[in-house]
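Now for the letters of each chain:
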Amino acid sequence: MPRYLAILWVFVKNSMQNEAAYRANLLTNMLLTVVGVTGSVAGVLVIYSHARTIQGWTLPETLALLGVFTLMNGLINTFIAPNLNEFAEGVRKGTLDYTLIKPVNSQFLTSFQRCSIWGLADVLVGLGIVGYALLTGFEQGVGPVQVLAFSIASAAGAVIIYSLWIGLATIAFWTVKIDNITSILQAFYNMGRFPVQAYPLWMQRVLTYIVPVAFVTTIPVQALGNRATPLLLAASVLVAVVMLYLSTRLWRLGLSRYTSASS
Amino acid sequence: MIATFGVYFTTQWASFLAYRVVFFLYSMWAILPPLIYLAVWSTVAGAEGIAGWSEGQFVAYYLTFMVVNHLVGSIEIHTASWEIQQGEISGRLLLPVHPGIRTLASNAGFKTIGMIVVVPSVLLLAAIFRPEFHTTPGMVALGLVATIIAAALQFMIGYTVALFSFWITRADAADQLNMVLLFLLSGQVAPLVLLPDALRIAASVLPYRSMLSFPVELITGQLHGVAVVVGFALQVAWLVAAWFLMQFTWRRGVRRYAAVGG
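What counts, and at which threshold
Residues numbered from 1 in each chain as written. Chains lettered and ligands numbered in written order. Predicted model: local features only at pLDDT ≥ 70, side-chain atom pairs only at ≥ 80, totals over all residues. Heavy atoms only, no water. Helix = DSSP H or I, 4+ residues; strand = E, 2+ residues; numbered from the N terminus. Buried < 20%, exposed > 50% of the residue type's maximum accessible area, 1.4 Å probe, protein only. Contact = heavy atoms within 4.5 Å. Areas by Shrake-Rupley, 256 points an atom, 1.4 Å probe, with all protein chains shown as cover. Expected span 1.5 Å × (residues − 1). Buried area = accessible area lost by both parts, 1.4 Å probe. Salt bridge = Lys/Arg side-chain N within 4 Å of Asp/Glu carboxyl O. Polar contact = N/O pair within 3.5 Å; in protein donor to acceptor, adjacent residues only side chain to side chain. Nonpolar A, V, L, I, M, F, W, Y, C, P; charged D, E, K, R; others polar. Lys, Arg positive; Asp, Glu negative; His and termini not counted. Core = buried A, V, L, I, M, F, W, Y, C linked by side-chain atoms within 4.5 Å. Phe/Tyr/Trp six-rings, centres within 6.5 Å; stacked < 30°, edge-to-face > 60°. Lys NZ or Arg CZ within 6 Å of the ring centre and 35° of its normal. 1 Å grid on protein atoms, 1.4 Å probe; cavity = no way out; pocket = protein on both sides within 12 Å on 5 of 7 lines; lining within 4 Å. Points joined across faces, edges and corners; volume = space filled by probe spheres on them. Axes fitted to C-alpha atoms, helices over the stretch in contact; angles between N-to-C directions. Parallel < 35°, antiparallel > 145°, perpendicular 65-115°, else oblique. Left-handed = near helix turned anticlockwise from the far one by under 90°.

Student: So what exactly am I meant to see when it comes to the overall build of chain B here?
Tutor: When its secondary structure is counted, chain B shows 12 helices and zero strands. In terms of overall dimensions, chain B has a C-alpha envelope of 65 × 40 × 30 Å along the principal axes. When the 262 residues of chain B are sorted by exposure, 51% land in the buried category. A separation threshold of at least 6 residues defines the contact pool for chain B, and within that pool the share at least 24 residues apart is 82%. Approximately 11,900 Å² of chain B is accessible, and the part contributed by carbon and sulfur atoms is 72%.

In structure tokens, the structure reads:
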């Protein structure tokens, strides 16, 4: 484990050095983050200018949820998204060979070797929104217990969204092209901007059982607002563990189909 | 000119059909983002309604929005901008036809093909969510005219932004800024009448209402009398302005163009 963390740190450091060479680009990306988040926040404010709550969710709670959404989006953009297209190319051209011959877990390398640090701006802004939402007032007080529950639920959420992405990406072993599949996942993930309770029942079911976006944004914020039962937290962790396990199984299965490509 | 467009249109259509899955998925982007706001607003409206809007009216508004959104949307940042960045436009500049005609044909081809996905999806959603339309055939007809103007307007603005690629490598940043404004001010996050005054005025002063919201307002029967005339006048004014802006950007850009690659 410490070895993998050290490797991850090397990837992040490399990425920082690369990006530092393109400072104007970095500035543009930060500007885009700010503009995008301002738009999302304004959208939430417009809805709350007409309604006091959405199915029991107050404005600070929905803002906190938007913060978690932005944070997770930042993690996806930093670590997962830049790697996936590279991976699909690797399957098509046979350059995945270079990943496989390294003495490190191939799923780990494929997921994290190319990170793009400007996504971390989203992570920071997301945390900022959560902090602001907490200051403007959650109805119940937020103590260490809630923060702990929130951390557990968020970690589980991050694992779930990671497993979904990598699981879908693995399909590239069979179909070679994946950008379409991932764009559909992105569209579903966008529904995590609002608590699942804001959607009709059939959509709630889809977002809980089929594409479990509910675990990524809704449940962590419920935990923060002291509205998640220990059972719900346990379920969240269980789903995360099962999905991570399934994603590694799928990865192995896909890998056994990989035959490289000759030139 | 029309014959050239026809040939381009047929070839683009054929090439899109070859990659149909991709284009079907792209068309979902006109539907899924507004679906979020359709669901949230109809939940908020509930049985009593909100700000004078019933649940069914929100549904009718957003379903109309999805179809219009697909018909007017700009895709030039993916087509024209790409051509310039990759230097593919070099060869096309030598032809005795403006490269923009080909870009326009891709746009029209994508939209006609996309309807194969958009129409059934919207009908399915209509069966699930139960829209409530209060409109007249006349308003729908006027709305279709406004949709065509809005499509022309979005094409010109989208093409102008794509042409920024002549100067900068990150024209997509300008496009994303445009998208955020479109999200807020074109009636996606909420029907414009429900926006706070400042944003609603901004939507009319800037071209964003004319680019998408106005035809939707017409089709759903929100506008009467003078408001209809004013809306069309704004659309035409923006159309003329966008035309000159596009011409200006094109002339300056081509003069500055230096092909990349070998």
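Student: Can you help me understand helix α3 (residues 32-45) of chain B in this one?
Tutor: Compared with the 20 Å implied by 1.5 Å per residue over 14 residues, the 20 Å span of α3(B) between its first and last C-alpha is a close match. Looking at the residues trailing α3(B), positive phi occurs at Gly46(B), about 55°.

Student: How should unusual backbone geometry be read in this particular structure?
Tutor: One can expect most non-glycine residues to show negative phi and most peptide bonds to be in trans. Even without being a glycine, Gln55(A) presents a positive backbone phi close to 45°. Relative to the elements of secondary structure, Gln55(A) occurs in the loop between α2 (23-48) and α3 (59-93). Positive phi outside glycine occurs at Ala51(B), with the angle close to 50°. Among the secondary structure elements, Ala51(B) is positioned in the loop between α3 and α4 (55-72).

Student: Help me understand the interface of chain B and chain A, please; the structure alone is not making it clear to me.
Tutor: Often, the extent of an interface is quoted as the loss of accessible area on bringing the components together. Contacts between the two partners involve 29 residues from chain B, matched on the other side by 30 residues from chain A. Taken together, both faces of the contact between chain B and chain A bury some 2,600 Å²; the carbon and sulfur share is 80%. Three residues, Trp29(B), Ile36(B) and Arg170(B), lead the burial of chain B against chain A; their summed loss comes to 20% of the area buried on that side. For the pair chain B and chain A, the interface holds zero salt bridges. Put simply, chain B and chain A have two residue pairs in polar contact (both at pLDDT 80 or more) between them. Secondary structure elements with two or more residues in the side of chain B that touches chain A: α2 (20-28), α3, α7 (99-129) and α9 (171-185) of chain B. For the side of chain B that touches chain A, the element with the most residues is α3(B), which contributes nine residues. Its residues placed into classes, the side of chain B that touches chain A shows 26 nonpolar, two polar and one charged.

Student: Explain the side chain of Lys111(B) here, please?
Tutor: Residues and elements named next belong to chain B. Among the secondary structure elements, Lys-111 is positioned in helix α7. The side chain of Lys-111 is buried and forms no salt bridge, while Glu-76, the nearest opposite charge, is found at 6.4 Å. Aside from chain neighbours lying at most four places away, what touches Lys-111 is His-70, Leu-71, Val-72, Gly-73 and Ala-151.

Student: Help me understand the nonpolar core, please; the structure alone is not making it clear to me.
Tutor: Among soluble globular proteins, nonpolar side chains are generally buried collectively. Counting 130 residues, the largest nonpolar core has Phe194(A), Tyr199(A), Tyr37(B), Val40(B) and Trp41(B) as the members making the most contacts within it. By residue number, the principal contributor to this core is α3(A), which donates 13 residues. Discounting residues that sit within four places of it in the chain, Trp41(B) has contacts with Val46(A), Ile47(A), His50(A), Ile50(B), Phe58(B), Tyr62(B), Val189(B), Ala190(B) and Leu194(B). Met139(B), Ala146(B), Leu223(B) and Val228(B) belong to the second-largest nonpolar core, a separate cluster that totals eight residues.

Student: It is not clear to me how the packing of aromatic side chains should be interpreted in this structure. Could you clarify?
Tutor: Centre distance and the angle of the planes are the two values used to describe a pair of aromatic rings. Under the definition given, this model contains 25 aromatic pairs over all chains. Both rings, one in Tyr61(B) and one in Tyr62(B), keep their centres 5.1 Å apart while their planes meet at 90°; by these two values the pair is edge-to-face. Note on accessibility: Tyr61(B) and Tyr62(B) belong to one class, buried. Across from the ring centre of Tyr4(A), 5.7 Å away, lies the NZ or CZ of Arg3(A), which sits over that ring. Directly above the ring of Trp57(A) sits Arg227(A), whose terminal nitrogen or CZ lies 4.9 Å from the centroid.

Student: Before we go on, may I ask you to explain empty space enclosed by the protein in this structure?
Tutor: Empty pockets left among the atoms are what a rolling probe the size of a water molecule brings to light. Residue and element names in this part refer to chain B. Under the defined criterion, the tally for this structure stands at one cavity of 30 Å³ or more. Estimated volume of the largest cavity: approximately 40 Å³. Every element with two or more residues in the lining of the largest cavity is listed here: α8 (137-163) and α9. Of the residues assigned to the lining of the largest cavity, the class counts are three nonpolar, four polar and one charged.

Student: Would you explain the layout of surface pockets in this entry?
Tutor: All names here are of chain A. As a volume, the second largest pocket reaches approximately 860 Å³. Lining the second largest pocket are 26 residues; nearest its centre among them are Phe-108, Phe-112, Val-159, Tyr-162 and Leu-244. When contributions to the lining of the second largest pocket are tallied by element, the ones reaching two or more residues are α1 (2-20), α3, α5 (106-112), α7 (144-170) and α12 (230-255). Broken down by class, the residue content of the lining of the second largest pocket amounts to 19 nonpolar, five polar and two charged.

Student: Which parts of the structure should I look at to understand the packing of helix α5 (residues 76-86) of chain B against α7(B)?
Tutor: Axes are the key here: two packed helices are described by the angle between their axes and the distance separating the axes. Residues and elements named next belong to chain B. Where α5 meets α7, the closest approach of the two axes is 10 Å, and the angle between their N-to-C directions is 155°. For the element pair α5 / α7, the angle class is roughly antiparallel. Taken as a pair, α5 and α7 cross one another with a handedness that is right-handed. Only Arg-102, Thr-103, Ser-106 and Asn-107 of α7 make contact with α5, whose side of the interface consists of Glu-76, Thr-79, Ala-80 and Glu-83. Taken together, the residues of the contact of α5 with α7 sort by class into one nonpolar, four polar and three charged.

Student: Quick question: what am I supposed to make of the side chain of Thr110(A) here?
Tutor: Residue and element names in this part refer to chain A. Tracing the backbone through its elements, the reader meets Thr-110 in helix α5. Of the residues examined, Thr-110 reaches a relative accessible area of 2% and is grouped as buried. Engagement of the side chain of Thr-110 in a polar contact is seen with the backbone oxygen of Ser-106, the distance being 2.7 Å. Setting aside residues up to four positions removed in sequence, Thr-110 forms contacts with Asn-83, Phe-87, Leu-96, Thr-99 and Trp-251.

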